[in-house]
Amino acid sequence: MRSYRHEGMMRVFKHHVTRQLVLLGLIEAGLLAASAYGALVVNWLRAGRLVLWSGEFMVEVLLFTAAVVIGMVSTGLYNRQYGRELADVIVRLVVSCLVAAVVLTVVFYVSPAASIWRSAVALAFIFAFAAVVSTRYVYLRAARSDVFKRRIIVIGVGEKAARIESLLDNGTAYECIGYLGPDADVVAIRRGPVIQGVNSLRLFVREHAVDEIVVALEERRSRLPLEELLACRMDGISVVDYASFWERETGRVDTDSVSPSWLIFSEGFPGGSIQATLKRLFDICASVVLLVFGFPLMLLTALAVRCESRGPVFYRQERVGMNGRPFQLVKFRSMGIDAEQDGVPRWAQQKDPRVTRVGYFIRKTRLDETPQLFNVLRGDMSIIGPRPERPYFVEEISRVVPYYFERHRVKPGISGWAQLNYPYGASTEDAKVKFQYDLYYLKNYSILLDLFILLQTLRVIVWSEGAR
C-alpha cells in the first residue's frame, strides 16, 4: 500500500515546494479570511446587529487575506529553511502584519470604497495573529516528527550519496532508510546505514515502505538494476536521479555532477519572444512603481552620501550583461573615492574598511542598489535575474566553473534567486555556489517566480542577509 507521504513535493511557479507547506498555506489563508470576517461580526454585534453571514464585505475580506499572505511570503514564512522555531515565526509574523497594514493602507487610499472600519481591521489582525501562531505551533510539532517525511533509499555510497547525506544536517523533508551500493565502490558515507547484499530491490522497497529511490551512482554503466527499478516504478515508487533530486531539495543545480546532455534534455530552460515580452513589461511596470514610491528614500540617500564624504553621489562601474555585452551599472557610492586606487578589482569583504558609515547602512538596506532601476528602464538589466559581475571576475570564474557563461543568456537583475538563498560572494568558490542558484532560476523561470523573488527581497533587506 502506498504511503500518503509519497510525492511530498510539488511545483508552484515552476519552483519545488513541499505539499505540507502548500496545505499549510491554504489552511492559513482560510483562517485569515475567517479572522477578517469574525472581526466584522464583532463590529456588527457592537452596533446591535446579529449578522452571522453577509456577502457585503467579501472583497474586503479577500483583500485582507491577500495582504497578510503577501506579507508572510515576503518574510519567508513559506520557505522550508525559515520559521522552524516558534520565536522566529512570531517575529516574522509581526513583520508580515506590518507589511499587510502598509499594503491595505495604500489600497484603501487608492480605492476608498474598498475600506472597512479601522477597528475591524485592527481586530482582524489580532485574530489572524493568534490563529497563525496556533497553527504554526501544531505544524512545527508535527514537522519535527517523521510523520510527514518521505522515506527514501539511495543507490550509491560515493561522493554523490555523501552530498545527499550532508543535507540531513540541515533538516529535510525526507528520511533516508539506507545507502545501497556495489561492494567495489569507495564508501564516502559517514553515518549510513550502508546496506549490501540486497537480493531484490523491489522486495526491500516494499518491506521498508519506501516512497522514493534516488540513483546516485558515480558510474552507472553495467551496474544500474534497470529491471528492478522499472518494477518499482510500475509499483508507483518514485525513481529520480541524483541531479534532479539535488535540484529539488536545495534549489540549485549541482554543476559538478550534471552533464551537457542532462541540461539539454531536462525539463525547463524556457524562452521565446512571448516570454521576453512579458518579462520586459514586468520590468517596466515594477521599476516605475518602485521609483515612484522609493523616490523620497533615494533623495535622502543621495543627501546622506553627499554630506558624509567628498566625491560623486553615484558610482558607475562596468559589468557584464546579456550575451556578454558590457554596460555601465549605476549605484549610490558606498565606498571612498580611492577604494581601488591601485586599479586591481577586489571582492567586498566583511567589515570592509573601504566602506563609509553611510555606505555600510545603505548596503545593509540595499538602498545603494536603487539607482539600478534606471538600468532596468534602459533595458540593460531586469528587476530579477543573476547579479551582474565585473569583466575581471567573469573571466576569472569562467576558467574554473563549468557552464558559467550560461548565466549571461538572460539580463542581469537587481535581485535574484541566488541573492535570496546565499550570502554575499567574496571568492570564486562563493561565485560557483551562487551560479548554481542562478542556473536553477534559468531552468525554472516564470513571471510568477520573478514576483515571488521580488516579494522575498524584503526578507533579505529586513534581516540584512548577504549584505557587505
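Refer to the preceding data block for the structure.
Residues numbered from 1 in each chain as written. Predicted model: local features only at pLDDT ≥ 70, side-chain atom pairs only at ≥ 80, totals over all residues. Heavy atoms only, no water.

1. Describing the overall build of the protein
Line of reasoning, step 1. In terms of regular secondary structure, the protein is built from 16 helices and 11 strands.
Line of reasoning, step 2. Across the 468 residues of the protein, 50% fall into the buried class.
Line of reasoning, step 3. Counting every atom, the protein has about 23100 Å² of accessible surface; 63% of that belongs to carbon and sulfur. (Helix = DSSP H or I, 4+ residues; strand = E, 2+ residues; numbered from the N terminus. Buried < 20%, exposed > 50% of the residue type's maximum accessible area, 1.4 Å probe, protein only. Areas by Shrake-Rupley, 256 points an atom, 1.4 Å probe, with all protein chains shown as cover.)

2. Remarks on helix α3 (residues 86-110)
Line of reasoning, step 1. Its 25 residues give α3 an end-to-end C-alpha distance of 36 Å, which sits within 8% of 36 Å, the value for a rise of 1.5 Å per residue.
Line of reasoning, step 2. Turning to α3, its buried residues are Val89, Arg92, Leu93, Val95, Ser96, Cys97, Val99, Ala100, Leu104 and Phe108.
Line of reasoning, step 3. Against the buried residues of α3 lie α2 (58-74), α4 (118-143) and α16 (447-462). (Expected span 1.5 Å × (residues − 1). Contact = heavy atoms within 4.5 Å.)

3. So, empty space enclosed by the protein
Line of reasoning, step 1. Here the structure, examined in full by the defined rule, presents one cavity of 30 Å³ or more.
Line of reasoning, step 2. Approximately 40 Å³ is the volume found for the largest cavity.
Line of reasoning, step 3. Forming the boundary of the largest cavity are Val320, Gly321, Pro386, Arg387, Pro388, Arg407, His408, Val410, Lys411 and Pro412.
Line of reasoning, step 4. Counted by class, the lining of the largest cavity contains five nonpolar, two polar and three charged residues. (1 Å grid on protein atoms, 1.4 Å probe; cavity = no way out; pocket = protein on both sides within 12 Å on 5 of 7 lines; lining within 4 Å. Points joined across faces, edges and corners; volume = space filled by probe spheres on them. Nonpolar A, V, L, I, M, F, W, Y, C, P; charged D, E, K, R; others polar.)

4. Things to note about the sheet that holds strand β7 (residues 238-241)
Line of reasoning, step 1. Across the sheet, which stays open at both edges, the five strands sit in the order β5-β4-β3-β6-β7 with parallel pairing between neighbours. Across the chains shown, the open sheet's two edge strands, defined by having one partner strand only, are β5 (194-195) and β7.
Line of reasoning, step 2. Sheet topology places strand β3 (residues 150-155) next to strand β4 (residues 174-180); six bridges connect them, and they run parallel. Counterpart to Val154 in the pairing with β4 is Tyr179.
Line of reasoning, step 3. Contacts from helix α7 (residues 226-234) reach β3, β6 (212-215) and β7 within the one sheet, and its direction differs from that of β6 by about 150°. (Pairing = 2+ DSSP bridges. Axes fitted to C-alpha atoms, helices over the stretch in contact; angles between N-to-C directions.)

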